[in-house]
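Next come the chains, spelled out residue by residue.
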Amino acid sequence: MSRSAHPAGPRHADVLTEGHYTAPAADLNVLDEKVWSRTVSRDADGALTVGGIGVARLAEEFGTPAYFLDESDFRARCRAWADAFGPGADVFYAGKAFLSRAVVRWLKEEGLNLDVCSGGELATALDAGMPAERIAFHGNNKTVAEIERAVEAGVGRIVLDSFQEIVRVAHIAQQRGVRQRVQIRVTVGVEAHTHEFIATAHEDQKFGIALAGGQAAEAVRRALTLDGLELIGIHSHIGSQIFDMAGFEVSARRVVQLLAEVRDEHGVELPEIDLGGGLGIAYTSEDDPREPHEIAKALSDIVTRECEAANLNTPRISVEPGRAIVGPTAFTLYEVGTIKPLEGLRTYVSVDGGMSDNIRTALYDAEYSVALVSRTSDAEPMLVRVVGKHCESGDIVVKDAFLPADLAPGDLIAVPATGAYCRSMASNYNHALRPPVVAVRDGGARVIVRRETEEDLLRLDVG
Ligand code: LLP
């Protein structure tokens, strides 16, 4: 997770004394622009506005809990990534972070490509008009039906994840008389500094084919012999919420080494490499993510340098940021319910959502920020834990934070940076109704994924 994944204490806390966190140095009314989307500010009355609309109006019109997505920020981040990498490289948005038909249309308009990892994501992409050649299809266990659909749709690339899949995709493509463009996903043996569950390039895990022991070289050998496949490159994704570029550097170096081996053995220079996604974002004021242009420069410098050393033509680079595009663009708005002060410990603030709309705190010990957004307050800071309404004590949204001591039921609080892996990992635990995603832009707000209803739940339950 973020570097502060295993927190020593709440954000803004100066020191921990006798089991109590000291009051934060920062003014709780100030919204740190690092963690909030770009059009967020406070209006003259102190209420948060996004895209020019106040939270009271948003809550009234769309209810709580709800995710509010800052569309112009999303589009600006797409453009920043596309501009940073330029026409000589390709940016694929990782749809698993959050995907909807509106998002697909924005990506299409902003010139990005799309990475999908399931039949459902592929269906959403195609339905919303993403040209198939701009889609990459991933996954460690794609079903035959999914592969058939991807090949028939004409996706731009399928990222092969196992020896069995090399044969499976080749067979399906050959049956249809096409040569499917593919990349081979390799595991480069890097320990990315992130949570174990979202690190993907060490060897003892389910993704990819190891460079170690010559396995990836063998996969290339096999792929090159099959008529149904056009091997266009090598893919590596080392993990998620990573700040340190060192892991990418090692990964790029090892992938380029493989390209050199392939050239030496087969006389073929594979034209592309994909370095995956995984770039970290700020969940709290302590996180310092890099800008897309810095990342683009760092990656292209490494690849160029390594290729020069190996006397290879520089391949076309692609990347797959998900979180870094959508993560910072949304916040979750909750209404405060029960407030329970525990003497000598902290105050538990219960909200009308919880682990069903944000599982990341429970699953990865992720850190988040929180702010009172329906008003400002001059009250003293109080140490809180923001919890949900589910029947589970691990149902925590924000583990340690400060909110004003005059917080009351009915106040609105918001958790920023929930655009990635919150709605897309939401569940119906306790038969919770998954919240809507509302896109806000230039004074207008519209639902792009509607709130679930009890009818939705009952429709699936066929009795
Ligand atoms: N490319 C591949 C092949 C991936 O597997 C992933 C993420 C990405 C790109 C995008 O990574 P991003 O830029 O969004 O970090 N549920 C976890 C994250 C799992 C990421 C899985 N793969 C979380 O909530 O942190």
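Being a predicted model, the structure only gives us computed values, none of them experimental.

Caption draft 1: Representation of the overall build of the chain in the model. Within the chain, the secondary structure is distributed over 12 helices and 23 strands. Since a compact globule built from 463 residues should have a radius of gyration of about 23 Å, the 23 Å found for the chain is in line with a globular shape. Each of the three principal axes of the chain carries a C-alpha extent, and together these read 70 × 50 × 40 Å. In the chain, of all internal contacts separated by at least 6 residues, the share reaching a separation of at least 24 is 70%. For the chain, the accessible surface area stands at approximately 19000 Å², while carbon and sulfur atoms represent 48% of it. Computed over 47 positive and 68 negative side-chain charges, the inter-centroid distance for the chain is 4 Å.

Caption draft 2: View of the site of the ligand. Taken together, 19 residues surround the ligand, and among them Ser240, Glu320, Arg360, Tyr364 and Tyr421 come closest. Here the ligand has 580 Å² of accessible area as a free molecule, and 92% of this is covered by the chains. Per-domain counts for the shell around the ligand show at least three residues from each of domain 1 (12-70 + 328-460) and domain 2 (138-321).

Caption draft 3: Here's a closer look at the side chain of Asp274. Checked against the element boundaries, Asp274 lands in strand β14 (residues 272-274). Of note is the side chain of Asp274, whose polar atom sits 3.1 Å from the side chain of Arg157. A polar atom in the side chain of Asp274 sits 2.6 Å from the backbone nitrogen of Gly276. Every residue in contact with Asp274, bar those within four places of it in the chain, is listed here: Arg157, Gln183, Ile234, His235, Ser236, Ser318, Val319 and Glu320.

Caption draft 4: Summary view of the packing of helix α7 (residues 215-225) against helix α8 (residues 246-266). Where α7 contacts α8, the two axes come as close as 11 Å, and the packing angle between them is 50 degrees. In this view, α7 runs oblique relative to α8, as classed from their interaxial angle. For α7 against α8, the interelement crossing comes out right-handed. In this structure, α7 uses Ala216, Ala217, Val220, Arg221 and Leu224 to contact α8, whose residues at the interface are Leu258, Glu261, Val262, Glu265 and His266.

Caption draft 5: Just the domain arrangement of the chain, in detail. By the assigned domains, the chain splits into domain 1 (12-70 + 328-460) and domain 2 (138-321). Here the C-alpha centre of domain 2 lies 36 Å away from the C-alpha centre of domain 1. Each partner contributes residues to the interface: domain 1 has 12 residues there, and domain 2 has 11 residues. Here domain 1 meets domain 2 over a buried area of about 1200 Å², counting both sides, of which 54% is carbon and sulfur. Taken as a group, Lys34, Tyr364 and Glu367 account for 40% of the area that domain 1 buries against domain 2, more than any other trio of residues on that side. Taken together, the connections running from domain 1 to domain 2 amount to one salt bridge. In this structure, the connection of domain 1 to domain 2 is made through six residue pairs in polar contact (both at pLDDT 80 or more).

Caption draft 6: Fine view of the pairing of strand β13 (residues 229-235). Most of β13 sits inside the fold, with six of its seven residues counted as buried. With six bridges joining them, strand β11 (residues 180-187) and β13 adopt parallel strand pairing. Directly across from Val182, in β13, lies its bridge partner Leu231. Bridging between β13 and β14 involves three bridges; their strand directions are parallel. Bridging from a neighbouring strand, His235 pairs with Asp274 of β14. Taken together, β13, α8 and β14 constitute a β-α-β crossover, and its handedness is right-handed.

Caption draft 7: Structural detail: the state of the cysteines. On inspection of all chains with the given rule, the structure shows zero disulfides. Unpaired in terms of disulfides, Cys117 finds its nearest cysteine sulfur in Cys422, a separation of 16 Å. Residue classification places Cys117 among the partly exposed positions, given a relative accessible area of 29%.

Caption draft 8: Region of the structure containing the sheet that holds strand β4 (residues 48-50). Spatial strand order, β3-β4-β5: three strands in an open sheet with antiparallel pairing. The open sheet is flanked by β3 (41-42) and β5 (53-54), the only strands paired with a single partner. By the bridge criterion, two bridges tie β3 to β4 in an arrangement that is antiparallel. What sits directly across from Arg42, in β4, is Leu48.

Caption draft 9: Seen up close, helix α5 (residues 144-153). Every buried residue of α5 is listed here: Glu146, Ile147, Ala150 and Val151. Down the axis of α5, the buried side of the element spans an arc of 130 degrees, and every buried residue falls inside it. In α5, those exposed residues whose orientation departs by more than 90 degrees from the buried face are Ala145 and Glu152. Close packing links the buried residues of α5 with α4 (119-127), β9 (135-137), β10 (157-160), α6 (163-175) and β11.

Caption draft 10: Up close: unusual backbone geometry. Cis geometry is adopted by the peptide bond preceding Pro65, which originates at Thr64 and carries an omega value of -10 degrees. In this structure, Asp365 is a non-glycine residue whose phi angle is positive, near 60 degrees. Relative to the helices and strands, Asp365 is located in the loop between α11 (360-364) and β18 (371-372). The backbone phi angle of His431 is positive, close to 55 degrees, even though this residue is not glycine. The topology assignment puts His431 in the loop between β21 (412-416) and β22 (437-441). When its relative accessible area of 57% is taken as the criterion, His431 is described as exposed.

Cut-offs applied
- Residues numbered from 1 in each chain as written.
- Predicted model: local features only at pLDDT ≥ 70, side-chain atom pairs only at ≥ 80, totals over all residues.
- Heavy atoms only, no water.
- Helix = DSSP H or I, 4+ residues; strand = E, 2+ residues; numbered from the N terminus.
- Rg over C-alpha atoms; globule rule 2.2 N^0.38 Å.
- Contact = heavy atoms within 4.5 Å.
- Areas by Shrake-Rupley, 256 points an atom, 1.4 Å probe, with all protein chains shown as cover.
- Lys, Arg positive; Asp, Glu negative; His and termini not counted.
- Charge placed at Lys NZ, Arg CZ, Asp CG, Glu CD.
- Near = heavy atom within 4 Å.
- Domains from an automatic or database assignment.
- Polar contact = N/O pair within 3.5 Å; in protein donor to acceptor, adjacent residues only side chain to side chain.
- Axes fitted to C-alpha atoms, helices over the stretch in contact; angles between N-to-C directions.
- Parallel < 35°, antiparallel > 145°, perpendicular 65-115°, else oblique.
- Left-handed = near helix turned anticlockwise from the far one by under 90°.
- Buried area = accessible area lost by both parts, 1.4 Å probe.
- Salt bridge = Lys/Arg side-chain N within 4 Å of Asp/Glu carboxyl O.
- Buried < 20%, exposed > 50% of the residue type's maximum accessible area, 1.4 Å probe, protein only.
- Pairing = 2+ DSSP bridges.
- Right-handed = clockwise from strand over helix to strand, strands pointing away.
- Disulfide = S-S within 2.5 Å.
- Arc of directions from axis to C-beta.

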